[in-house]
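Given next are the chains, with one letter for each unit.
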Amino acid sequence: WRRAPLPAVREPFINTRLLPLGNGPDGRTWFWTSTHNMVRGSTGVLIDEEGDFRLYRPGIPIWHMPAAVAAGPDTLWLCQNLEEVLKLTLSTGRFERIPTGAPSARVGQGPVYDAGTGKLLMVGSREGKRIGLSFDTRTRRICRLYPPELGSSVMRFSFPNGDGTWSMVLTLPGQSLLHWD
């Protein structure tokens, strides 16, 4: 086993599900996860099936990056708040902060990235209401801002439906299944 050094504080805790990224040039499967840390800021981890890893630190004030989705073998889109997204180039470790123009809303896990259109879909939680954002990563503009509404507002997971549409699982309060086409 290989181990990564952790800071000597009660934090960090893992707040991003293990996201499979596919096989690297060496044939090993790579994964992404990240931690939440109010002392040092967030730490992202790229780790392979053998335990080799690389750490990524976007710096403060990025406390956490729960929303993560791959857009090809070298690019991740990350988010903690609908106000901005982060583009991470894995090979260089470079983070690019991109304002979205959306209102502040805390984002959970499971955003959708549509490779054909370059659009991201995320749902944020603000004052007990969910706010959806469709963001074009190519033009860097809002495609659609879904108005606040009551209902489950913490994004947990997304999956393709096989027909070009996506579904998202949201929790708190209760559970909801949203459909995006």
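Refer to the structure printed above.
Residues numbered from 1 in each chain as written. Predicted model: local features only at pLDDT ≥ 70, side-chain atom pairs only at ≥ 80, totals over all residues. Heavy atoms only, no water.

Novice: Which residues make up the overall build of the protein, and what are the values?
Specialist: Broken down by element type, the protein carries 0 helices and 17 strands. Here the protein has a C-alpha radius of gyration of 16 Å; the compact-globule value for 181 residues is 16 Å, and the two agree. Considering only C-alpha atoms, the protein reaches an extent of 45 × 35 × 30 Å along its principal axes. Within the protein, the proportion of its 181 residues that are buried is 46%. Long-range pairs, those at least 24 residues apart, make up 35% of the contacts in the protein with a sequence separation of at least 6. On the protein, roughly 9,600 Å² of surface is accessible, and the fraction owed to carbon and sulfur atoms is 54%. Across the protein, the 21 positively charged side chains and the 16 negatively charged ones have centroids separated by 5 Å. (Helix = DSSP H or I, 4+ residues; strand = E, 2+ residues; numbered from the N terminus. Rg over C-alpha atoms; globule rule 2.2 N^0.38 Å. Buried < 20%, exposed > 50% of the residue type's maximum accessible area, 1.4 Å probe, protein only. Contact = heavy atoms within 4.5 Å. Areas by Shrake-Rupley, 256 points an atom, 1.4 Å probe, with all protein chains shown as cover. Lys, Arg positive; Asp, Glu negative; His and termini not counted. Charge placed at Lys NZ, Arg CZ, Asp CG, Glu CD.)

Novice: Explain the environment of Thr16 to me, using residue names and the numbers behind them.
Specialist: Along the chain, Thr16 falls in the loop between strand S1 (13-14) and strand S2 (19-23). It is 8.2 Å that separates the C-alpha atoms of Thr16 and Trp32, two residues lying 16 residues apart in sequence. Residues within four places of Thr16 in sequence aside, it is in contact with Trp32, Thr33, Ser34, Met65, Pro66, Ala68 and Gln109.

Novice: Tell me what's going on with the sheet that holds strand S15 (residues 154-160), and back it up with residues and numbers.
Specialist: Spatially, the 3 strands line up as an open sheet ordered S15-S16-S17, and their pairing is antiparallel. A single partner strand is all that each edge strand has here, and the edge strands are S15 and strand S17 (175-180). For this sheet, the mean angle separating the axes of adjacent strands, direction not counted, is 25°. Taken together, the 6 bridges between S15 and strand S16 (residues 166-171) define a ladder with antiparallel strand orientation. (Pairing = 2+ DSSP bridges. Axes fitted to C-alpha atoms, helices over the stretch in contact; angles between N-to-C directions.)

Novice: Can you break down the nonpolar core residue by residue, with the values?
Specialist: Counting residues in hydrophobic clusters, the biggest one holds 25 residues, and the most contacted among them are Trp77, Leu82, Val85, Leu120 and Met122. Elements with a minimum of two residues in this core: strand S6 (67-70), strand S7 (75-81), strand S11 (112-114), strand S12 (119-126), strand S13 (129-136) and S16. Counting residues per element, this core draws most heavily on S12, at 4 residues. Not counting residues within four places of it along the chain, the set of residues in contact with Val85 comprises Trp77, Leu78, Cys79, Glu96, Arg97, Ile98, Thr100, Leu120, Met122 and Phe135. Judged by nonpolar contacts, the second largest core, of 13 residues, contains Trp30, Tyr56, Leu78 and Leu88. (Core = buried A, V, L, I, M, F, W, Y, C linked by side-chain atoms within 4.5 Å.)

Novice: Residue-level account of the pairing of S6, with values.
Specialist: Taken together, the 4 bridges between S6 and S7 define a ladder with antiparallel strand orientation. For Ala67, the partnering residue across the bridge sits in S7 and is Cys79. Linking S6 to S7, which pair antiparallel, is a turn of 4 residues; within it Gly72 sits at a positive phi near 105°.

Novice: Would you mind going over the environment of Ala105 in detail, with residue names and values included?
Specialist: Position of Ala105 among the secondary structure elements: in the loop between strand S9 (94-99) and strand S10 (106-107). Residues Ala105 and Pro148, spaced 43 residues apart in sequence, show a C-alpha to C-alpha distance of 10 Å. Here Ala105 is in contact with Gln80, Asn81, Leu82, Gly124, Ser125, Arg126 and Ile131, once residues within four sequence places are set aside.

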